[in-house]
Amino acid sequence: MPEYEFVDVYVPRGVTRKEATRLLTDHAEYGLWELDRLSLHRDGSRRVRLKRRIIRQLRATW
């Protein structure tokens, strides 16, 4: 079963859709994050939850 780490990103209501897309694209490209959940609030703000897989390295035994 894969393990994930999560980060919540708050996007205020004054941020345009294009700017929000650019922000999330940067997180995806450079931080290897992917979209887990998006909540759009009545006031126009957005709460975005991003996730990425945790890759555990096994120790080599000699």
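In this text, all values refer to a predicted model and were calculated from it rather than measured experimentally.

**Q** For the overall build of the chain, give the residues involved together with the corresponding values.
**A** The number of helices and strands found in the chain is one helix and three strands. When the helices and strands of the chain are listed from N to C terminus, the series reads β-α-β-β. A compact globule built from 62 residues should have a C-alpha radius of gyration of about 11 Å, whereas the chain, at 15 Å, is more than 25% larger. When each of the 62 residues of the chain is scored for burial, the buried share is 18%. Sequence-distant contacts in the chain: of pairs separated by 6 or more residues, those separated by 24 or more amount to 58%. Accessible area of the chain: about 5900 Å², with a carbon and sulfur share of 51%. Computing the positive centroid from 14 side-chain charges and the negative centroid from 9, the chain places the two 3 Å apart.

**Q** Any details on unusual backbone geometry? Residues and values, ideally.
**A** Positive phi outside glycine occurs at L32, with the angle close to 60°. Considering the arrangement of structural elements, one finds L32 in the loop between α1 (17–31) and β2 (34–40).

**Q** Give me the sheet that holds β2: which residues, what numbers.
**A** What the three strands build is an open sheet, ordered β1-β3-β2; its pairing is antiparallel. The sheet is open, and its two borders are formed by β1 (3–11) and β2, each paired with just one other strand. Sheet twist, expressed as the average angle between the axes of neighbouring strands with direction ignored, equals 20°. Bridge count for β1 against strand β3 (residues 46–54) is nine bridges, and the pairing is antiparallel. Its bridge partner being in β3, E3 is matched across the sheet by I54. Helix-sheet contacts for α1 involve β1 and β3, and the interaxial angle to β3 is about 10°.

**Q** Could you give an account of α1, with specific residues and numbers?
**A** The end-to-end C-alpha distance of α1, which contains 15 residues, comes to 21 Å, matching closely the 21 Å that a straight helix rising 1.5 Å per residue would cover. Among the residues trailing α1, L32 stands out with phi positive, at a value near 60°.

Rules of the game
Residues numbered from 1 in each chain as written. Predicted model: local features only at pLDDT ≥ 70, side-chain atom pairs only at ≥ 80, totals over all residues. Heavy atoms only, no water. Helix = DSSP H or I, 4+ residues; strand = E, 2+ residues; numbered from the N terminus. Rg over C-alpha atoms; globule rule 2.2 N^0.38 Å. Buried < 20%, exposed > 50% of the residue type's maximum accessible area, 1.4 Å probe, protein only. Contact = heavy atoms within 4.5 Å. Areas by Shrake-Rupley, 256 points an atom, 1.4 Å probe, with all protein chains shown as cover. Lys, Arg positive; Asp, Glu negative; His and termini not counted. Charge placed at Lys NZ, Arg CZ, Asp CG, Glu CD. Pairing = 2+ DSSP bridges. Axes fitted to C-alpha atoms, helices over the stretch in contact; angles between N-to-C directions. Expected span 1.5 Å × (residues − 1).

All we've got here are geometric facts, nothing functional implied.
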